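Examination of the molecular architecture
The chain contents come next:
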Amino acid sequence: MSKLFLALILVLTFSAQSQTTGFYGKKNFIDFSGLTNFKLFSLLFEDNSYYKPSFKGSNNLAKGYDLFDFGFRASYNRVIKNNFAIGLEGGMDFQHIGLGIVSYGNSSTNAYYEITHERLKINSFVIMPKITLNSKGSLLPIGISHEIGVGYTNTKIVKDDYVFKLVDYGWGSTAPNADDTTNVRNNYVDYDKRYSGFTLMYGLKFRTPLTKTLLLNYGFRYTLNLRNYGQDNIGSGGAIISYDELARQIGRTRVFNFVTFSIGLSLAI
Amino acid sequence: MFKKLFCALLVCLPPVLFSQVDFNNYRTLQSSGEIPTDFTLTSKSKMEEDLKNSESELTGMKKVKFYEGVNYAIDNILHSGDVVYGDPISTYASEVVDRLLKDDPTLRSKLRIYTIKSNAANAFSTDQGILFITTGLIAQLTSEAQLAYILAHEISHYTEKHVIETYSWQTKKSNNSLHIEKLSNYSKEKEFEADKLGLTLYNKAGYAVDAIYETFDVLMYSYLPFEEIEFPKNYFNTANIFLPDYLFPTEKYEIKAEEDYDDSESSHPNIKKRKEAVTAEIGTFANWGAANFSLGEIRFTEIRNIARFENLRTDIVDANLGDALYSSFILERSFPNSMYLKRMKAQIWLNLLNYKNENKVNDVLDANKELEGESAAIHFFLKKLTKEGMMTIALRQIYDLQKTFPDNKELKAVYDRCVVSLARTEKFKKEMYSTKTFEEALADFELHKGDSIKPEIVDTVAKKSDSKYSKIKSKKNADNPNNFDTTKFYLYGIGDILKDSTLWLAYDAESKVYQVELDKQKEIDALSYRERKKLKSKKKSSVLNLGIDEMIVVEPKVFSYRGNQGFDPQKSEKIENNYSEVIQNVGDEVGLKVHSIDRRILEKGGTVAFNERSILIAFLSQLVNDDDVNVFPVDFELLSEIQNNYGTANVMFSIVEHQRKAEIKWGWLGMSIFILPAMPIIASIHIPMAIFKANKTEMTVLVMNLEKGTIDAGGSYYFNEPIYKLNLGAHIYDIFMNMKQPSK
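Values in this document were obtained by computation on a predicted structure and should not be read as measured data.

Attention shifts here to unusual backbone geometry. Residue and element names in this part refer to chain A. In the segment running from Leu140 into Pro141, the intervening peptide bond is cis, with an omega of 5°. Mapped onto the fold, Pro141 is located in the loop between β8 (120-133) and β9 (143-157). Even without glycine at this site, Tyr24 takes up a positive phi of about 50°. Here Tyr24 is to be found in the loop between α1 (2-11) and β1 (28-37).

Here's what the structure looks like:
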C-alpha cells in the first residue's frame, strides 16, 4: 500500500498551482507584530557608551548596553495570488541613542564642562508599501513569507527629564553653574528636529494558524535605513549637539537594529 | 423415508455448497462476513496490546521498535487492497488448519488466515498469529496436502516465535561484513526447524507423505505460470485473420530452475537441502496417512480455479500482459464459455494496444533472458508484432468479442476505447487494409505470380492514368496481388470490419477530435517561449478545475519522517486520522460532498466498505503502473456498481509526505568567520531560514474518473509548513474550491 502511494507521488511529479481562493476563502490579512532587537551586532561591535540611571529614579549614571529596543507594526495585505500579496505597513520604533561624554564650553562664564548624559529616546514612525511572497504551492498567509518593502521613516528625539552630569574643568570651579545646568537640560539637543529617510526592509515571517481567522506570526526583519544628508542636517538649531551628530547616532542605532525579531497575531479576513 | 432423504441431502450438501462459484460470470475474490478486528484496530493499539502481552526477551526501545515496525508492516499488508478475508480460499485454508490443529484448540483459536491477491507463490505467518497465503501459491498447488504442509510449516514459525527471535538475534549482532551471511544461516536454521516441526502437525493430520516432496517441487517451479501447456501457433487464426508461423519461436525455451541453487544469501535453504533434511525426519515417523484431499478433490480444484482466475486478474492489474494472455489461454481450455475470460481477454488486447502505441510494450512482457517454458511463445510473439500488427490483432480480437456479445457493457466499453485508441494512432490507416482475407490474397498472388500489374485489379484511378503517382498508389494497394507480403499479414485481417460503417463513423468522429487537438498543439508550438510559458501557467492553475460537487475519497495517506531517523509510523497514523477528518469537514464547509472510504470507517462501514476500498485501490494500482498509458479498469463491473452506489464517478486519492529537518549549512557559517562582518549577517539570515524551512511537506492529490477510467486531475503541492489540522485544512479547502470550479 505504501509502495503504491509512493509510486503515485512519482507519477505526479509535476507541481500544481491552483486558482486563488485564499486562506479558508479569506483573501485579506492584517498583521500586528511587536518588534524587538536582535542584538547580534550591538554585542559584537558596540562600545559601552550608553549611560543609564544606575537604577530607576536614580540621579547617578552608569555605563550599560542598549539591550532592549522595541517597536510595533501593523499592516494590511491583500492576496493577489496564493503565494503573492501586496500590503501597506505602518508602525513605530522606540529606540535609544547614546552620545558618550560631550565637551561643552560656555564663553560668557568661561566654564568648560564634560557632559555625561543619559541615553536619548528616539521614536521613529515608519510607513511602507510591501510585497509578500511565498514559495509555490504555499497558501498565504500561512507558512514562510518573504516580505520586501521600501518605506519612509521619520524620527524624533523624545523630550524627557533625562539625567545628566556636568563636570566642570574650569579654573577654580568646583560645581557647575546653575545657568549652564539649565542650558544643558533645555538645549542639549533640538527636540523639535525631525530626521527623515528611506528604509528598505526584507522580512522572513512564519505564520501558523491558531483558528481559521487568527494566526500566530513570528520572524525576523532585516532593515537598512538610508540617512538624509541634506542641507537641513547642518547646524544645531542652538543646541549643544549638532544635527549631523544626532543623525549619525540615529543611523548608528539603526544599523545595530539591522535584525529585529517580530512576533504577533494576524487576522485573516 | 423423508429422514433418509434429508440425510442423503446433507451428505451431498458440502460439494454442492462448495461448487457455487460461477466461473462463467466470475467476480474477483471479495471479503465476506463480519470484518475481523485485525482490519479495524489501529496499528498503535495493536502495538500497545503486543507490548502488554509480550514475553519476548527484547527490552526497552528495541521491543517498542519491533512491535511498532511489525504492526505497521502487517497493517500495510492488511490494508493493501490485496488482502481478503472470509472468502472461499481463506475459508478453505482455515479448514485445513482446523484439521492440522484438531488436537490443539487453544493454538487454533489464536490463528487467523487471510488470502493475498498476489501472483508470488508465498505464505507467511506473523508474530500476531496471522497466516497469509497468496493466490499465486494456491494456483500452483496440485493437492490439499501440499497446502497443509505449507500451513503446518507456517504454524511452526508462529509457535516458535521465529519472527521476533530473528529480530532479537539481529539486534544483538554487530554490523560487520559477515552479518548478511550469518543472518542467512540463522534464517535457514529457522526454516529447517519449521520444516521439521511442521512435519509433526502434518503427520498427525493424516496427510500423505508424497505430497511433501511435491510441495518443494511446486515452490521451485512457482515462478512459472500455473500450467505448462504448449501455445498453439494457430491460436489466433480465424476465418478472417491468419498469423504466419514466423511470429512464433521455432524452438522451446528451456526451464532453468535447479534444486541445488546457490542459497548463500538467501533466507531459505535451497530445495535440495530442504528435501534431504525432510527425508531424514520423515523416517522418524512410524505411520503416515494417505490423505491428499480431506476436503474433497472437487472443492480443491474449485479453490485452485478461483486462485487461477485471480492470477489472471492480478497479471492485468500489474500489467504483466504476456503472462495474462497465457493464463487466459490456459483457463479458457477449461472454461470455454466464461464471459469473464472473454472480458479479460478483450481488456488484455486493449491494454497491449495502448502500451504498444506508447512504445512501451516491452514493459509488460518478459525480457528475452527471462523467457522460459511454454509461456515464452506468447512473449516472443507479442514482441515480434509490429505496431500495425498489434493494432490489427487487437481490433480483430476485441471486435469479434463485442460482436459476439453485443449486450455486454464491458465489452462495449473496451471496444469503444479501442476505436478511440486507433483513431489517435497515426500508424493506423483504414485505407491500407485489404478487403480480402489472407487466404484470398494468397490465392490471388499465386494466380498472378510473375505477372505484371493486371489491369483489372488496379483501381480505377490508376486505369485512367499511368502517371508516376498512380503507379505508386497502385503499389501501396493491399488488394493488388503483386503487393502481397506475408510479413504484412495484418493487412488481410480486417476485411470484414472495413464494411462496418458504425465503427468507421465512430472512428472518423474521434479522428476529427484528435486532429483538432493536434492543430491546437501546433498552434501552441508556434508561440513564443514567453507565450507558451504563460499558457502553461494558465493551464497549470486550472488543472484541478473539474466542476464537481461530490466525490469518493479513498484512504488519505500520510508518511511522516523524523529527521534522519526515517519513517515514523505512529505519528503518520495519528496525522492520517486528522487528515481524514479534515477532508470530511472541509468538504462539508465548501459544499463538496465527500464519501470517505478509508480504514478509519471500516468498523462502521464493515465488509462492504472494505471491498469497495480494495476495488478502488486496484484501479489506482493499474493507473500508477504507467501514467502515459491509458489502461482499462480491470474491475469495470464492480467499479460501475460503486459509482452507482455513491452517485459519483469521481474518486480522490491523496498523500501527504512530511519531514522535519533543519538543514543548517555549518560549513558556510564556519567559512564566514574569516570575514568578520559577514558571519553575523549570514548567520542571522541563514539560521532562521533553515529553521523555518525545516518542515517540508508535499501534498499530492489525484482524481480518477470511474466512468472514463482516467485520471482527470492531479498534482503535487510543496510547502514548508507543519502538518497541523488547520494547515492541512487550508490546503484542502483551496484544492476543493478549485475542484468545484468548472473547467474552462
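What follows concerns the nonpolar core. All names here are of chain B. In terms of nonpolar packing, the biggest core is built from 176 residues, with Leu100, Ala148, Leu151, Leu352, Ala394, Ile398 and Cys418 touching the most fellow members. Broken down by element, this core gets its largest block of residues, 10 residues, from helix α15 (residues 339-357). Apart from residues lying up to four places away in sequence, Leu151 is in contact with Ala93, Val96, Val97, Leu100 and Leu131.

Bringing the packing of helix α5 (residues 88-100) of chain B against helix α8 (residues 144-159) of chain B into the picture now. Residues and elements named next belong to chain B. One way to put it is that α5 packs onto α8 with a least axis distance of 10 Å and a crossing angle of 70°. Considered as vectors, α5 and α8 are oriented roughly perpendicular to each other. When the axes of α5 and α8 are compared, the crossing they make is right-handed. Every residue of α8 that contacts α5 at Ala93, Val96, Val97 and Leu100 is listed here: Glu144, Leu147, Ala148, Leu151, Ala152 and Ile155.

Pairing within the closed barrel is antiparallel, and its 8 strands lie in the order β1-β4-β5-β8-β9-β11-β12-β13 (chain A). Strand-to-strand twist across the sheet, computed as the mean angle between neighbouring axes with direction ignored, equals 25°. Across 11 bridges, the pairing between strand β4 (residues 70-81) of chain A and strand β5 (residues 84-97) of chain A is antiparallel. Directly across from Tyr76 of chain A, in β5 of chain A, lies its bridge partner Leu88 of chain A. With respect to the sheet, helix α28 (residues 678-692) of chain B is in contact with β9, β11 (194-209), β12 (214-227) and β13 (259-268) of chain A, its orientation differing from that of β11 of chain A by roughly 25°.

Turning our eyes to something else, we now look at the sheet that holds strand β5 (residues 550-562) of chain B. Residues and elements named next belong to chain B. Spatial strand order, β6-β5-β7-β8-β9: 5 strands in an open sheet with mixed pairing. Strands at the two margins of the open sheet, each flanked by one partner only, are β6 (593-597) and β9 (710-719). The sheet shows a mean angle of 25° between the axes of neighbouring strands, direction not considered. Two elements, strand β7 (residues 650-660) and strand β8 (residues 695-705), share 11 bridges in a ladder whose sense is antiparallel. Residue pairing for β8: Ser654 is matched across the bridge by Val701.

Moving on: the environment of Phe216 of chain B. Inspection of the secondary structure assignment puts Phe216 of chain B in helix α11 (residues 210-220). Take Phe216 of chain B: there are 19 C-beta atoms within 10 Å of it, and that puts it in the partly exposed class.

Conventions and cut-offs
Residues numbered from 1 in each chain as written. Chains lettered and ligands numbered in written order. Predicted model: local features only at pLDDT ≥ 70, side-chain atom pairs only at ≥ 80, totals over all residues. Helix = DSSP H or I, 4+ residues; strand = E, 2+ residues; numbered from the N terminus. Core = buried A, V, L, I, M, F, W, Y, C linked by C-beta atoms within 7 Å. Buried ≥ 20, exposed ≤ 12 C-beta atoms within 10 Å, placed from the backbone. Contact = placed C-beta atoms within 7 Å. Axes fitted to C-alpha atoms, helices over the stretch in contact; angles between N-to-C directions. Parallel < 35°, antiparallel > 145°, perpendicular 65-115°, else oblique. Left-handed = near helix turned anticlockwise from the far one by under 90°. Pairing = 2+ DSSP bridges.

Keep in mind that these numbers describe shape and distance, not what the molecule does.
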